[in-house]
Amino acid sequence: RRVHGEKGGKKMKRVVPSPSSLSCSLCSSLLGNTTKEFIQTSNLRHSNASFTNRFGKSSRDEFNAVGQFIYGVQPVALALKSMRRSPMNSLFVVSKSSHATDIRDRIDADSDTAQQLQWIVRTAKSHGVPINWVSKHDLNVMSGDRPHQGVILDATPLSIPLLSDLAEQPETSKHLWVLLDGVTDPQNLGAIIRSCFFFNACGVVMSSRNTAPLSAVTSKASAGAVEVMSMAYCDSTHDFLEVSKSNGWHIYGTQVNKDTKSISSDQVVLHKPSILVLGSEGDGVRKSVLRVCDEVVTIQSSSPTHTRWLDSLNVSVAAGVLLHDFMRSRRTTTESVKTLTNENS
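Scoring rules and cut-offs
- Residues numbered from 1 in each chain as written.
- Predicted model: local features only at pLDDT ≥ 70, side-chain atom pairs only at ≥ 80, totals over all residues.
- Heavy atoms only, no water.
- Pairing = 2+ DSSP bridges.
- Helix = DSSP H or I, 4+ residues; strand = E, 2+ residues; numbered from the N terminus.
- Axes fitted to C-alpha atoms, helices over the stretch in contact; angles between N-to-C directions.
- Contact = heavy atoms within 4.5 Å.
- Expected span 1.5 Å × (residues − 1).
- Buried < 20%, exposed > 50% of the residue type's maximum accessible area, 1.4 Å probe, protein only.
- Polar contact = N/O pair within 3.5 Å; in protein donor to acceptor, adjacent residues only side chain to side chain.
- Salt bridge = Lys/Arg side-chain N within 4 Å of Asp/Glu carboxyl O.
- Parallel < 35°, antiparallel > 145°, perpendicular 65-115°, else oblique.
- Left-handed = near helix turned anticlockwise from the far one by under 90°.
- Nonpolar A, V, L, I, M, F, W, Y, C, P; charged D, E, K, R; others polar.
- Phe/Tyr/Trp six-rings, centres within 6.5 Å; stacked < 30°, edge-to-face > 60°.

1. Observations regarding the sheet that holds strand β5 (residues 68-71)
Move 1: Taking strand neighbours across the sheet as the criterion, the 4 strands line up as β5-β8-β6-β7 in an open arrangement whose pairing is mixed. Two strands lie at the open edges of the sheet, namely β5 and β7 (131-134), each paired on one side alone. Sheet twist, expressed as the average angle between the axes of neighbouring strands with direction ignored, equals 20 degrees.
Move 2: Direction of pairing for strand β6 (residues 88-94) relative to β7: parallel, over a ladder of 4 bridges. Within the sheet, the bridge partner assigned to L91 lies in β7 and is I131.
Move 3: The strands touched by helix α1 (residues 73-82) within the sheet are β5, β6 and β8 (151-155), with β5 carrying the most contacts at an inclination of about 120 degrees.

Shown next as structure tokens:
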């Protein structure tokens with residue numbers, strides 16, 4: 001923009017760079033979009049401003065993801081371990097030196113993630129993934145100032161299958177799947193998938209119409225569990241449960257308020273293949289879906305000041321509590337069967 005002034009009675013004119021030409025702007029963040037084929041996409045776009053990192057190399061083109069950026073040590077490591085995002089386009093790693101050639105000299109040995117980053121680089125090289133050594137600032141821009149821990153992977157978006165139902169299982173099977181009906185927050189979605197993986201649930205089914213995308217945010221919130229967990233979409237939650245129920249699956253719904261028909265989560269006894277249904281953050285499980293469920297489960301509050309103003313848990317926290325109780329039930333049932341078998345023998 002032009003700035004006019006006077007010096008010694010003489011008019012002067014100078015050009016001041018516009019602020020927009022000095023900074024790199026991100027559009028279309030890491031959240032991505034769910035397509036009809038249920039492939040998650042997430043792209044970073046930058047302005048046409050020339051940007052040079054501290055190694056003297058223009059990084060404008062490097063900031064355009066060919067596939068999807070995922071960030072953080074755990075998500076990147078598990079993505080490389082599972083290779084479900086193949087092909088992988090490029091790995092970006094923070095470097096403390098622009099001249100070092102040895103990996104141990106490039107990665108700060110004093111950092112908490114030094115060993116993990118070295119493993120990530122070696123594994124990426126073994127898979128033929130190009131390695132780009134960049135500055136921390138570059139990674140901040142690429143991740144939208146999210147906690148990248150010094151590493152970002154540009155890889156193919158996850159391809160998630162579409163299921164119409166869960167197949168029939170043996171009557172004595174203790175399989176447990178979790179169905180998410182309307183979890184729209186990526187942080188909650190990631191946290192739930194993390195709990196499912198930790199408690200060894202068989203898999204997660206998500207509504208294809210009203211579920212947060214499996215973005216980089218979701219992967220980071222899941223501590224990378226998204227990269228290794230069995231997952232699927234379903235078109236209709238109601239129809240999916242109806243058909244699965246006819247295949248022998250026992251359906252557990254969840255709700256906040258306990259009534260005469262609901263049971264406490266610590267009273268659940270898994271005696272056949274089961275599906276645990278969790279609803280949206282605001283409204284919970286829909287009434288039409290609850291009608292399909294065989295049993296409805298609630299979590300008992302231990303607070304003496306329990307009131308209508310604080311009568312529920314965040315859906316991701318509730319998922320952890322429910323999965324803990326369900327898996328404890330599965331363990332108890334299995335141990336009881338083993339005890340009876342030993343006594344009879």
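2. A look at helix α5 (residues 186-198)
In an α-helix there are 3.6 residues to a turn, and that puts residues three or four apart on one side.
Move 1: Spanning 13 residues, α5 covers 18 Å between terminal C-alpha atoms, matching the ideal 18 Å at 1.5 Å per step.
Move 2: Burial in α5 covers these residues: P186, N188, L189, G190, I192, I193, S195 and C196.
Move 3: For α5, the side-chain oxygen to backbone nitrogen distance between the N-cap and Q187 is 2.9 Å, and the N-cap itself is D185.
Move 4: Once α5 ends, the next one or two residues include N200, with phi positive near 65 degrees.

3. Considerations on the pattern of salt bridges
Move 1: Under the defined criterion, the tally for this structure stands at 4 salt bridges.
Move 2: D181 is the partner of R286 in a salt bridge, and the nearest nitrogen-oxygen pair spans 2.9 Å. Placement of R286 in the loop between β14 (274-278) and α8 (287-290) and of D181 in the loop between β9 (176-180) and α5 is noted, with a sequence separation of 105 residues between them.
Move 3: Under the relative-accessibility criterion, R286 is labelled partly exposed at 40%.
Move 4: A relative accessible area of 3% places D181 in the buried class.
Move 5: For R328, the salt bridge goes to D325, with nearest N and O atoms at 3.3 Å.

4. Section: the side chain of H148
Move 1: Here H148 is to be found in the loop between α4 (136-143) and β8.
Move 2: For H148, the side chain forms a polar contact with the side chain of N140, separated by 2.7 Å.
Move 3: Non-local contacts of H148, meaning those with residues more than four positions away in its chain, are made with Y71, G72, V73, K136, L139, N140 and S143.

5. Remarks on the pairing of strand β12 (residues 250-254)
Each regular strand carries side chains that alternate between the two faces of the sheet.
Move 1: Within β12, 5 of the 5 residues are buried, which leaves the element mostly enclosed by the surrounding structure.
Move 2: Here β12 shows no split at all, with H250, Y252 and T254 on one side and I251 and G253 on the other all buried.
Move 3: Note that β12 and strand β15 (residues 295-298) share 3 bridges and pair parallel. The partner of T254 across the bridge, within β15, is V297.

6. Thoughts on the environment of S288
Move 1: With respect to the secondary-structure elements, S288 resides in helix α8.
Move 2: Sequence spacing of S288 and H238 is 50 residues, and the spatial spacing of their C-alpha atoms is 7.3 Å.

7. Digging into the packing of α1 against helix α3 (residues 114-126)
Move 1: One way to put it is that α1 packs onto α3 with a least axis distance of 10 Å and a crossing angle of 30 degrees. Considering their axes alone, α1 and α3 lie roughly parallel with respect to each other. The two elements α1 and α3 meet at a crossing, and its hand is left-handed. Each of V73, V76, A77 and L80 in α1 lies in contact with α3, whose residues at this interface are Q116, L117, W119, I120, T123 and A124.
Move 2: Taken together, the residues that form the contact of α1 with α3 break down as 8 nonpolar, 2 polar and no charged.

8. Some details on the environment of G320
Move 1: Among the structural elements, G320 can be located in helix α9 (residues 315-344).
Move 2: Of the residues examined, G320 reaches a relative accessible area of 16% and is grouped as buried.

9. Points about the packing of aromatic side chains
Move 1: Counted by the stated rule, this structure contains 3 aromatic pairs.
Move 2: On the numbers, 6.0 Å between centres and 80 degrees between planes, the contact of F69 with F92 is edge-to-face. Taken as a pair, F69 in strand β5 and F92 in strand β6 lie far apart in primary sequence, 23 residues in all. In this structure, F69 and F92 share a single accessibility class: buried.
Move 3: On the basis of an interplanar angle of 90 degrees and a centroid distance of 5.1 Å, the ring pair of F198 and F199 is categorised as edge-to-face.
Move 4: F199 sits in the partly exposed class, given a relative accessible area of 21%.

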